[in-house]
Amino acid sequence: MTGGGVRIQASPLSNSASCPRCDVSSRRVHSRYERTLADAAIGNQPSLLVLQVRRFICANIDCSRATFVEQVEGLTSRYERRTLLLLLRKIVEKIALALAGRAGSRLASALGIYVGRSTLLRLVRALPDPPTTTVEVLGVDDFALRRRHRYGTVLIDMDTHRPVDVLGDRRADTVAEWLRAHPGTEVICRDRAGAYAEAARAGAPDAIEVADRWHLWHNLAESVEKTVAAHHYCLKKEPESAPEPTIERTASEQLKRVAEQVHTTRQEGSILAIRTKNRFQAVATLKNEGMGIRTVARQLGLARETVRRFYYANSVEELLGAPRAGWPTMLDEFAEYLHERFNDGHASAAALYEELRALGYRGSYSSVRDYLRPFHRIGAAAPSRPKVPKVRRITSWILRHPDSLTDDEQIRLKQVLTSCPHLEAAAGYVTSFAEMLTERLGTQLNSWMSAVSADDLPHLHRFVRGLDTDHAAVLNGLTLPYSSGAVEGHVNRIKMLKRQMYGRAGFDLLRKRILLSD
C-alpha cells in the first residue's frame, strides 16, 4: 500500500452463487475482477482486502438479470467499499455519531481507518431510527435550529432520559399529531409555552400536564427583578435623622436640590429619554385607534416585546424610571473621592478628570465637568450619597436561600427591605413560593395567588395572571415529582451538536445524531 499498511488478497471458496433477483443457483462464470474493500486496522495500520470476485450468468432464462456478481455473506454488500464486519462498521458509526464529519475523519485516520467526512455523514443518515415504544412520561421542549427564526421540538422519554423523536417545528398541531400517532402517554412535562399546552390538550387530552418548576422560578425571578427596578428609587431617599441646625440644613438642602436639578435636566435631555417619549407617544396613538400589539409592532417596525412594554405602560415616566432607575453611572464609584477633593480646594474639573483617569475612570471629561457644575455654583460639595446596590444584586439576594448569603449580604438586604415596604412584601412572597416549590406544597398555591393579587405589586400581578391561565399544570408541577430537568439537559447537548456541525447541520442529519448519539 502507498504510505504503509496491510494488503490482504483473497477469493471466495464456493464454486457457485445465487442470483439476487430470482435466487436460482448458477455455476457459469462470465468474468472476474478485483474488488478492494477497506477493513479494520491491523496493528494500528490501515488494511485493505483485495477480493477476487466473479460475475456469473444467471441460469434462469426467465430472469430479467443476465449476469450478477457474487457476494460473500457477512463480508460484502452491493456498492459497499468497506467490509461489513461488525467491528469496523461499528467503529466508524460511533466516530461519525460522536464527532460528525471533519473531526471524525481526523480521528479515524489516527486509528488507521481512512474515511472521508462526507462518507461519515452518509453513514449517519443511513442508520435506522431507534424503535419507538409507548412513552408513559413524556418531556417536551423546543430548541433553536436558527435562533429567532426556526425552532424544533425534542421529545424525551422521562423514564429512560433518552430522546424518542425530534420534530422540525414547535407548532401545536405538529406535536398534537405526534401524540395521536403514539398513544399511551400519561404525563407530559413541558415549559410554560402555550403551543405545547394546546398540543397536549388536542393530542393527549387524558394526559396529566406538569409545568416545569425551573421555568416557574425563572418567570418569578423576572417579575421580581422588574419590581426591584420599579422601586429602586426608594433606596435613594435619604434616611430620616436628627434635625440639623437651620443654616446648615438649608445649605445642604440647596446643594442637593441644585445637584439633582442638573442631573434631572441631563436625563430628560438624553437621546434615550427623547426616543422613549417619542415611541410611547406613537404606541399610545395607535393603541387609541384600536390596534393590537402585533399590528402596532408591524406598523412601527419594533419588536413585539418592546411594543408590549410601551403598550401597557401607564405613563412615560414609568418607562424612563422603572427599568433604568437603578442603573449606575461611571462616576458613582468615584463620587466620594470627587466630593472630598472638591471640599479640599481642588475645584478644577480638568485636574480632577486626570486624577480619575489615573484611578480607572473610563468616562468623558464632560461628565465630570457637568457633575461638578452645581458645586462651583454654591462653592461646596454636598455629602456623597451611600452607594445603592444594583437592581440585579438586590434581586439575587432576594432569590437566593438565606443560608447562601454572607453576613454582609444579609445586613445589606435587611437595610434594603427596611427602606421599601414593597420590596419587603415581594421578598416574603418569594420565600413562600420557594417553600411551595421545594416542599411540593401545591395546596398553598391558591392562597398565595390571592395574597399577591391583593397587594400593590403590579409586576407580580402579571406573574399571577400567567399562573392562573395555566393553573392545572402549575398545580401539578408544585405537587407531583416530575421535572423537565432531563429535557433541558438534552437541549444543552443539542447546542453542542449544532456547533460541531456548523455549515453541515441539515435537519435530517441533526435529528439522527440527537436520537442515536450517547
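Predicted model only: the values in this text are computed from it and were never measured. (Residues numbered from 1 in each chain as written. Predicted model: local features only at pLDDT ≥ 70, side-chain atom pairs only at ≥ 80, totals over all residues. Heavy atoms only, no water.)

**Describing unusual backbone geometry**
Phase 1: Located in the positive-phi region is His-161, a residue other than glycine, with phi close to 60°.
Phase 2: Its place among the elements puts His-161 in the loop between strand 8 (150-157) and strand 9 (162-167).
Phase 3: Accessibility expressed as a relative area gives 44% for His-161, which makes it partly exposed.
Phase 4: If you check the backbone angles, Arg-440 has positive phi at about 60° while not being a glycine.
Phase 5: Structurally, Arg-440 is set in the loop between helix 17 (421-439) and helix 18 (445-454). (Helix = DSSP H or I, 4+ residues; strand = E, 2+ residues; numbered from the N terminus. Buried < 20%, exposed > 50% of the residue type's maximum accessible area, 1.4 Å probe, protein only.)

**Observations regarding the packing of aromatic side chains**
Phase 1: On inspection of all chains with the given rule, the structure shows nine aromatic pairs.
Phase 2: A ring pair is formed by Phe-56 and Phe-68, whose centres lie 6.0 Å apart and whose planes are at 20°; its orientation type is stacked. Placement of Phe-56 in strand 5 (residues 45-57) and of Phe-68 in strand 6 (residues 67-69) is noted, with a sequence separation of 12 residues between them.
Phase 3: Taking the relative accessible area as the measure of exposure, Phe-56 reaches 0% and is therefore buried.
Phase 4: Phe-68 gets classed as buried once you look at its relative accessible area, which sits at 1%.
Phase 5: Relative to Phe-463, the ring of Phe-433 lies with its centre 5.7 Å away and its plane at 75°, an arrangement referred to as edge-to-face. A residue pair is termed long-range when its members are at least 10 positions apart, and Phe-433 in helix 17 and Phe-463 in helix 19 (residues 458-469) qualify at 30 residues. No difference in accessibility class separates Phe-433 from Phe-463, as the two residues are buried. (Phe/Tyr/Trp six-rings, centres within 6.5 Å; stacked < 30°, edge-to-face > 60°.)

**Observations concerning the nonpolar core**
Phase 1: In terms of nonpolar packing, the biggest core is built from 39 residues, with Leu-220, Val-224, Ile-398, Phe-433, Trp-448, Leu-460 and Leu-467 touching the most fellow members.
Phase 2: For this core, the elements supplying multiple residues, two or more each, are helix 6 (213-230), helix 15 (391-399), helix 16 (407-419), helix 17, helix 18, helix 19 and helix 20 (471-477).
Phase 3: For this core, the leading source of residues is helix 17, giving eight residues.
Phase 4: Setting aside anything within four residues of it in sequence, one finds Ile-398 in contact with Val-224, Val-228, Leu-413, Ala-427 and Val-430. (Core = buried A, V, L, I, M, F, W, Y, C linked by side-chain atoms within 4.5 Å. Contact = heavy atoms within 4.5 Å.)

**Here's the deal with the confidence of the model for the protein**
Detailed conclusions should not be drawn from predicted coordinates in areas where pLDDT is low.
Phase 1: Averaged over every residue, the pLDDT of the protein is 83; residues scoring 70 or more account for 87%.
Phase 2: Residue range residues 241-249 is modelled with pLDDT below 50. Its contacts to residues more than four positions away, or to other chains, number two contacts.
Phase 3: Scored below 50 in pLDDT, residues 322-327 makes 13 contacts in the model with residues more than four places away or belonging to other chains. (pLDDT = per-residue confidence, 0-100.)

**A closer look at helix 5 (residues 194-203)**
Phase 1: Of the positions making up helix 5, those classed as buried are Tyr-196, Ala-197, Ala-199, Ala-200 and Gly-203. All buried residues of helix 5 project into a common sector of 160° when viewed along the axis, lining one side. Pointing more than 90 degrees away from the buried face of helix 5 are the exposed residues Gly-194 and Arg-201.
Phase 2: On its buried face, helix 5 sits against strand 7 (137-146), strand 8, helix 4 (172-181), strand 10 (187-190) and strand 11 (208-211). (Arc of directions from axis to C-beta.)

**Examining helix 21 (residues 485-500)**
Phase 1: When the terminal C-alpha atoms of helix 21 are compared, their 23 Å separation across 16 residues agrees well with the 22 Å that a helix rising 1.5 Å per residue should span.
Phase 2: Burial in helix 21 covers these residues: Ala-486, Val-487, His-490, Val-491, Arg-493, Ile-494 and Leu-497. When helix 21 is viewed along its axis, its buried side chains cluster within an angular range of 165° and face the same direction. In helix 21, those exposed residues whose orientation departs by more than 90 degrees from the buried face are Asn-492 and Arg-499. (Expected span 1.5 Å × (residues − 1).)

**A few points about the sheet that holds strand 11**
Phase 1: Read across the sheet, five strands follow the order 9-8-7-10-11 without closing on themselves; strand pairing throughout is mixed. Every other strand in the sheet has two partners, leaving strand 9 and strand 11 as the edge strands with one partner each. Direction aside, neighbouring strands of the sheet carry axes that sit 30° apart on average.
Phase 2: Two strands pair when backbone bridges link them, and strand 10 and strand 11 are joined in this way by four bridges, in the parallel orientation. Pairing of Ile-188 across the sheet is with Glu-209, part of strand 11.
Phase 3: Contacts between helix 21 and the sheet are confined to strand 7, strand 8 and strand 9, with strand 7 contributing the most and set at about 30° to the helix.
Phase 4: Each of strand 7 and strand 9 touches helix 22 (residues 507-516); the most contacted strand, strand 9, lies at about 165° to it. (Pairing = 2+ DSSP bridges. Axes fitted to C-alpha atoms, helices over the stretch in contact; angles between N-to-C directions.)

**Topic: the packing of helix 9 (residues 293-300) against helix 10 (residues 304-311)**
Phase 1: Running from amino to carboxyl end, helix 9 crosses helix 10 at an angle of 115°, the nearest separation of the two axes being 9 Å. Between helix 9 and helix 10, the interaxial angle falls into the category roughly perpendicular. Crossing hand, helix 9 versus helix 10: right-handed. Mapping the contact onto sequence places Ile-293, Arg-294, Val-296 and Ala-297 in helix 9 and Arg-304, Val-307, Arg-308 and Tyr-311 in helix 10.
Phase 2: When its residues are assigned to classes, the contact of helix 9 with helix 10 shows five nonpolar, no polar and three charged. (Parallel < 35°, antiparallel > 145°, perpendicular 65-115°, else oblique. Left-handed = near helix turned anticlockwise from the far one by under 90°. Nonpolar A, V, L, I, M, F, W, Y, C, P; charged D, E, K, R; others polar.)

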